Each structure stands twice: as C-alpha cells, then as structure tokens.
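# Summary of the model geometry
Spelled out, the chains give:
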2 protein chains.
Amino acid sequence: MSQRKIRNMEQFAALSGLSRPTVSKYFNDPASVRPATRERIEAALERYDFRPNIYAVNQNRSLTKNVGIVVPYLADPFFAEIARIIQRRCIDAGFAPILYSAHGEMKLENEILEGLTALKPAGVFLAPLGRLSDRAAVARFCRDVPTVLFDSNIEDMGEAFVGSDNHSFVEQTVDYLCRTGAPPCFFEMRTPANPNANKRRNAYLRVMEEAGHEPRVVQIEGEGWAFEEIGRRGTHEILDSGGFATDTVLCSNDRLAIGLLSACYERGLRVGRGDGCALRVASHDDHPFSRFTCPSLTTAAHEYEAVADKCMETLFSLIEAGGRFSTRTETLIPARLILRASA
Amino acid sequence: MSQRKIRNMEQFAALSGLSRPTVSKYFNDPASVRPATRERIEAALERYDFRPNIYAVNQNRSLTKNVGIVVPYLADPFFAEIARIIQRRCIDAGFAPILYSAHGEMKLENEILEGLTALKPAGVFLAPLGRLSDRAAVARFCRDVPTVLFDSNIEDMGEAFVGSDNHSFVEQTVDYLCRTGAPPCFFEMRTPANPNANKRRNAYLRVMEEAGHEPRVVQIEGEGWAFEEIGRRGTHEILDSGGFATDTVLCSNDRLAIGLLSACYERGLRVGRGDGCALRVASHDDHPFSRFTCPSLTTAAHEYEAVADKCMETLFSLIEAGGRFSTRTETLIPARLILRASA
DNA sequence: CCCAAAACTTGACACGCGCAAAGATTATTC
DNA sequence: GAATAATCTTTGCGCGTGTCAAGTTTTGGG
C-alpha cells in the first residue's frame, strides 16, 4: 500500500487512470460502470485505500444512506437485543445505522429526534418512550423523516408500526397457566410508561373472562425504568399484606418478574410447578436473562428475528415509496410460549 | 412560526438582519458575538427554526464535534451502563456522541473503526474486543483518530487508557472471603476474550499467595459472549465431577456468577453465608442484575461514574492537546466492595 | 469494417458553510 | 469627545462531491 495519502476523488481518479465523474458513478453504484472499469477502480482501491468524504457526499444528497435506530432505554437487554439485530440487518443492506437511546428521558428523546432530523436519514426506526414521549415533537419528527415505529405504538404516528401481538402473548400464557393449575392474577405497574403494558392488561381481562375466570389485577407503584427493583419492592409489599389472591402470578413483563422472583427468594418462598412450591410465576418478553433466573422463567417470547425482519422490510418499501405510505400499516407479531421451571 | 422554510444560513442571516459570517460565528460559539446580536439571532431562531447543515459544517471543519463510543458487546448490561453514562457526559459537554457495538465480532469492529475514521471525530472512546481484536486494524485506527481506550487495555494502543484496577477488585473480594470463611477458588473461562480476566486471575494468584493460602483456579470451556450459559454449563460439569475444591467460589465476573447461581439453584444447592448453605459465591463487576440474583450477589463494583468522568476528562485534555499525548497514561480505578447475600 | 449504442472524458456549476482580509460601524475608555 | 478596541459587514475563495451537457472513445452486432 502506497504511503501517500489521497486527498480527494480527483486524485484517486487520476491514480486509477479514470475521470472523476466515472469514479463518482462507481461509488454511487458499482454496477453502473463497465466491468473493466470497475476492476480498475477496485484495483486502485486496494492500493490506495480511498473513501469518498461522507460530508461532501451527503451535502448534495437529499437522501443519505443513514438509518436511525432510536430505543427508549438501551440498558434494558430487550432493546439491546432488538437493536442489535436491526443494526446488523441495516449493515448487511448497505445502510449506515446509527443507534440512539433516550435513556428513559423525554428531553433526551427530543434532542435525539432533532439531531436525527439534521442527519437527513433515509429512514428511522423509532421505539418511542411511550407515555413519556413528547407527542408533538414525535409528530413533527415523523412529518419530516420517514419513520417506522416499533415496539411501542403511538396512534397515527409514523408511516407504519411493527410490534408485538400482545393479545397473543397473554393468551398463550393465560391458557397455559389455566390448563395446568389455578388461573393467574396479573402483576403490573400502576402507571406503566409503555403502551404494551395496557394492551397486555386488557388482553388478560378479556382472555380470563372468555375462559370464565375472574380476573384479578395487582398493581404496584413505581416510576422509571428500574423495573426489577419496582417488582421486588412491590412483591414484598404484597406479601406483607396478605399475599397474592391466587398461587399463580402472571407478570406484565420479565423484568418485573425478575424482581418478583428475587423477593420470593429473599422470603424463602419456593416458586415453580412442583410439590412444595408456593407460587407459579410466568411472564412475557423472553428477556435475555429470564433463562437464568431462579427458577428459570416461563415466558412468552418475542420473535426477535421476525420483528427485525419485518421492520427492515417495512423500511425498505417505505424508502422505495419515497418516504410516505398511502395508508399506515400495523404489523403485530405473535409470541412463542417458552416453558421453563417457574410455572 | 413562519411556514416558509429556510434553505441556508444566508437566508437565515437576512431574516435576522445580520450578515452570514456573524451568524456563522454565533453557531460556532454563541458567546463570541455581542449579547444584543445573540438575542436577535435567538429571536429569529424561535421564529424560523433553522439549523446549519451539518454536512456542510463538518466538511470545512478539520475537527468535528463527533465523538465515537465503541463497545464490544452492547447487550451486556455492563457496557450498556457505562456507554449510557459516557454518552450523557458527551452531550452535556456539547459533543455529538455516536454509539457502536461490535457485537463480539472482529469483522464488525473493523467495519466500525473504518466508518468512524471517515467521520473525522474529535475523539473516540474505544473498548476493544480484546483477544479477538484485529490489532493491526486497531493500531491503524488509533494512528488516524485521537483515541482513549477503556475497559480493555491493549498495550501501547491509543493515547490513554482508563479502566479498572483489577488488583483492587480481586484483593477486596479475596480479603473479605478469607476473613469470613474458607479461602476461595477462582472460577473463570479458560480462554477469556477480555484481558481483564487474565489480570484478575493473576491478581487472585498473588493475593492468595501473599495471604499464605493455596490458590485454586477452576477453568471452564466456552467461546463467545454468552457468559451466563457458559457459567451455568461449566458449573454443572464441575458439580457432576466432584464439585468445587472449597465451599467458596470467586467468579471472574458477574455474568459467569449468574450462570453459576442458576446451576446451583437447578441442583437445589443453597448459596449464601448462612447455615445450610453449601456454597459461598462472590464476583466482580456489579452487573446491573447482580442485585436480583438468587441469592443477591456479593461483588466488587465498578465506579461507573468515576470511570466515565475520567474518560471524559482524558478525552478533553486529549482534544486540547491536539489529538496526541506525549506519553500514554493509564488510569486504573479501584473497586467498591458490595456485600450482599451470596457470600 | 461500419455504425449505433454504450461508456467514458472534459469542463463547469451547484451545494452550504468555514474562514480570512479589509473596511465600516458600534461600544468602551479616559 | 476623541482615541481605541470590539464587533460587524462585505467580498470572495475553498472544501469535496453530485450532476449535467457536450464531445470523444470504446464496444458489440451485423
């Protein structure tokens, strides 16, 4: 490799014995130049290791190759995992994904959206904070940037939504629990940030009624994203004041369940479906750690890959459609029940 | 707010009744213009909502406001947490942090570094993969971009290193365990990806010898980043073949410990320091979930905030120094012992 | 070998802003 | 109120690439 540094495409074109416009064409679409020409460029590319200045490139483009991925809380392994998969898909598709986390704060989400607008991305995957989102700011963003909402739906916002079929999640866990023991009560936060929580509660109510069981919802207090601690404290409070109404608890999500299991352990309460167990616990999400709780957690799993694939597919057609869909589509992906030791 | 869209700074300057260079000065440093002028610009800003085109801005700046943050595996909550704090600090300091995860793959780490070079960042925080890193690629990157290594040290690479004082971590856990019961054996992966693992083993050997105890290292097989599963399987294998040499186990890191605790639970083996407990377990990192394991995990905690602060401080002085330090500094931050139920 | 089509070169303008020099206008100080 | 400093305006070049039009060369088919 030559030591000499290439300053711009002009120089590089000269070194490869071609004109700058031809080289420019190549970088925009390698298939648009004659094979022999492509080979010459690629040979030169190996020797001189030149990359077009992305700032100069994007200055004239109205549409960049950037794709934004915005999640509400990256320290939540569920989002880390889904972001990881989407990001990989973007790279494989030739896009430049940029990952952002709002860290649970509205202010930060707004800042991210504003900064992202300035990047002129080809498209954005946005999992909004939910209840804490600044709806006006999100709406403004969706107006300016082709956006696919995921995980957390906000009505009429973005060009499409890809998320979980919460009814499928709850139906499967409730069905299983009812089939194998007492009907579950439903354990959740009173004021959840995420709209999925409300959908899950409603699904629980419906499924229980359809099955002829009396639904019982247990709501605990707590704000923020420290779900495990909220679940742990809430469980202690419930156990201090008489315990759960049934011996079967269905948690709104795995992180609450992790806290619940932790509290049960602290009290010497055995959880599981065997003899000597005081409680059965199930949940939703298949959080990466739910395999390692004590006992391991029976849960309804997201189809991470399917969600990511559907997201990508949706964004592709959105980009091809020029950034707008005529009608907003909503895709809900069903769950997969995973039986483990807790229920 | 006027509906009319501002195309460029020229237009915006006209609308605020000023010249473009003055407005340009304002955006580069609001304090560099007269207060009266600033007010006029900010008034116009509220009415017209203009932002300089970042691509045009960065094209001419030799130094952008971008800061890269590269971690080896974002689905590991430890990295999610440290990245979160650093990112916030960057924003507060007026930088534009961009977060990347290599997802445990060398190929991806290389791609990230290449793409990051093209962004001409003011500086980069890099936590390399470690053993799996392409040393030549990392070296080349560090040559081109002002880099502060963190978490995982690679000799002589980057302008500075900020990480954990692994000796302090191990010293505190070993001391505590020896003081309160049997000296621990050391539980780790045979071929760890992260250099900290080796430092911890060496520290264990030294501290044990200094205390006059015989060190015992237990190594389990496994590749990749699924530490919990590796720890769980490894523990089962050990328990199948006679068990640990002592009733006290010190894990190299919390994620292995989570797997170990999971395996113990599956076998009905009680962990903790009370009567009827078969095993004491301690570890290192204060992983965000170690509070909720069963039992909760005694561990040596990273000073997340201190590490992040030191990282920022180092990058600031690096940027001020023009991207190069005359001598490479290494900062090691000691641990804080956190006593919980497992030991 | 000729001819049309395809692919290339040449030359030039555009993008939006940083930056610098020179002159004009304000603020500050004594 | 004059001298000085600070700030602003005007003018214009430069950054590296996209893109276009016109002209030139190469390619492939008959």
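If you look chain A up in an unreviewed UniProt entry, it shows as LacI family transcriptional regulator from Histidinibacterium lentulum.

### A closer look at the packing of helix α8 (residues 166-180) of chain B against helix α9 (residues 195-210) of chain B
All names here are of chain B. Packing of α8 against α9 leaves a shortest axis separation of 8 Å and a crossing angle of 45°. On the basis of their axis angle, the class for α8 and α9 is oblique. Once α8 is placed against α9, the crossing between them reads as right-handed. Only N196, K199, R200, A203, Y204, R206, V207 and M208 of α9 make contact with α8, whose side of the interface consists of N166, H167, F169, V170, E171, V174, D175 and C178. Of the residues contributing to the contact of α8 with α9, the split by class is eight nonpolar, three polar and five charged.

### Regarding the relation of the copies chain A and chain B
Laying chain A over chain B is done by rotating through 180° and shifting 0.0 Å along the axis; what remains is an RMSD of 0.2 Å. The relationship between the two copies is best expressed as a two-fold rotation axis. Within chain A, Y55 of chain A has its C-alpha nearest the rotation axis, a separation of 2.3 Å.

### Examining the interface of chain A and chain B
Residue-level contacts link 45 residues of chain A with 45 residues of chain B. Of the roughly 4300 Å² buried at the junction of chain A and chain B (both faces included), carbon and sulfur atoms supply 59%. Inspection of the chain A/chain B interface yields six salt bridges. Residue E114 of chain B pairs with R51 of chain A through a salt bridge whose shortest N-O separation is 3.5 Å. Summed over the shared surface of chain A and chain B, the result is nine residue pairs in polar contact (both at pLDDT 80 or more). Elements with a minimum of two residues in the side of chain A that touches chain B: α4 (54-60), α5 (77-92), β2 (96-101), α6 (106-118), α10 (227-240) and α11 (254-266) of chain A.

### Here's the deal with the pairing of strand β4 (residues 147-150) of chain A
All names here are of chain A. Of the two faces of β4, the one holding T147 and L149 and the one holding V148 and F150 are both buried throughout. Relative to β4, strand β3 (residues 123-126) runs parallel, the two sharing three bridges. Note that in β4 the partner of V124 across the bridge is T147. Each parallel crossover has a hand, and for β3 linked through helix α7 (residues 135-144) to β4 it is right-handed.

### Some thoughts on helix α12 (residues 304-320) of chain A
Residues and elements named next belong to chain A. Taking 1.5 Å of rise per residue, the 17 residues of α12 would be expected to cover 24 Å, and the 24 Å separating its terminal C-alpha atoms lies within 8% of that figure. Of the positions making up α12, those classed as buried are Y304, V307, A308, C311, M312, T314, L315 and L318. With its buried residues spanning 165° around the axis, α12 presents them on a single face. Downstream of α12 by a residue or two, G322 has a phi angle that is positive, lying close to 85°.

### Some details on the side chain of R201 of chain A
By secondary structure assignment, the location of R201 of chain A is in helix α9 (residues 195-210). Once you skip the residues sitting within four places of it in the chain, R201 of chain A turns out to touch F186, E188, V217 and Q219 of chain A.

### Digging into unusual backbone geometry
Residue and element names in this part refer to chain A. For the peptide bond that leads from C294 to P295, omega is -5°, which places it in the cis range. In this structure, P295 sits in the loop between β9 (280-285) and β10 (298-301). Phi is positive for K120, close to 50°, though the residue is something other than glycine. A relative accessible area of 29% means that K120 is categorised as partly exposed. One non-glycine residue with positive phi stands out, namely D156, at about 65°. Relative to the elements of secondary structure, D156 occurs in the loop between β4 and β5 (160-164). Classification of D156 by relative accessible area gives exposed; the value is 66%.

### Regarding the environment of P334 of chain A
Residue and element names in this part refer to chain A. Tracing the sequence through the fold places P334 in the loop between β11 (329-333) and β12 (336-338). Looking at P334, the relative accessible area reads 43%, which means it is partly exposed. Taking the C-alpha atoms as reference points, P334 and V307, separated by 27 residues in sequence, lie 9.7 Å from one another. Beyond its immediate chain neighbours, meaning those up to four positions away, P334 contacts D165, S168, F169 and E303.

### Here's the deal with the sheet that holds strand β9 (residues 280-285) of chain B
Residue and element names in this part refer to chain B. If you walk across this open sheet you meet the six strands as β7-β6-β8-β9-β10-β12, and the pairing is mixed. The open sheet has two free edges, formed respectively by β7 (217-220) and β12 (336-338), since each of these has just one partner strand. Within the sheet, the average angular offset between the axes of one strand and its neighbour, ignoring direction, is 20°. Both β9 and strand β10 (residues 298-301) contribute to a ladder of four bridges, which runs parallel. Looking across to β10, one finds that S283 is bridged to T299.

### Comments concerning the side chain of D286 of chain A
Residues and elements named next belong to chain A. Relative to the elements of secondary structure, D286 occurs in the loop between β9 and β10. Using a relative accessible area of 16% as the deciding quantity, one classes D286 as buried. Of note is the side chain of D286, whose polar atom sits 3.1 Å from the side chain of R340. Aside from chain neighbours lying at most four places away, what touches D286 is D254, T299, A300, A301, H302, Y304, I338 and R340.

### Regarding the protein's contact with DNA strand C
Taken together, 25 residues lie around DNA strand C, and S19, T22 and T37 of chain A together with M9 and S24 of chain B are the ones closest in. Backbone atoms, meaning sugar and phosphate, form 63% of the atoms of DNA strand C found within 4 Å of the protein. Between a phosphate oxygen of DNA strand C and a side-chain N or O atom of S24 of chain B, the distance comes to 2.5 Å. For the surface near DNA strand C, the secondary structure elements donating two or more residues are α2 (20-28) and α4 of chain A together with α2 (20-28) and α4 (54-60) of chain B. Class assignment for the residues of the surface near DNA strand C results in nine nonpolar, 12 polar and four charged.

Criteria and cut-off values
- Residues numbered from 1 in each chain as written.
- Chains lettered and ligands numbered in written order.
- Predicted model: local features only at pLDDT ≥ 70, side-chain atom pairs only at ≥ 80, totals over all residues.
- Heavy atoms only, no water.
- Axes fitted to C-alpha atoms, helices over the stretch in contact; angles between N-to-C directions.
- Helix = DSSP H or I, 4+ residues; strand = E, 2+ residues; numbered from the N terminus.
- Parallel < 35°, antiparallel > 145°, perpendicular 65-115°, else oblique.
- Left-handed = near helix turned anticlockwise from the far one by under 90°.
- Contact = heavy atoms within 4.5 Å.
- Nonpolar A, V, L, I, M, F, W, Y, C, P; charged D, E, K, R; others polar.
- Least-squares fit on C-alpha atoms with pLDDT ≥ 70 in both.
- Buried area = accessible area lost by both parts, 1.4 Å probe.
- Salt bridge = Lys/Arg side-chain N within 4 Å of Asp/Glu carboxyl O.
- Polar contact = N/O pair within 3.5 Å; in protein donor to acceptor, adjacent residues only side chain to side chain.
- Buried < 20%, exposed > 50% of the residue type's maximum accessible area, 1.4 Å probe, protein only.
- Pairing = 2+ DSSP bridges.
- Right-handed = clockwise from strand over helix to strand, strands pointing away.
- Expected span 1.5 Å × (residues − 1).
- Arc of directions from axis to C-beta.
- Near = heavy atom within 4 Å.

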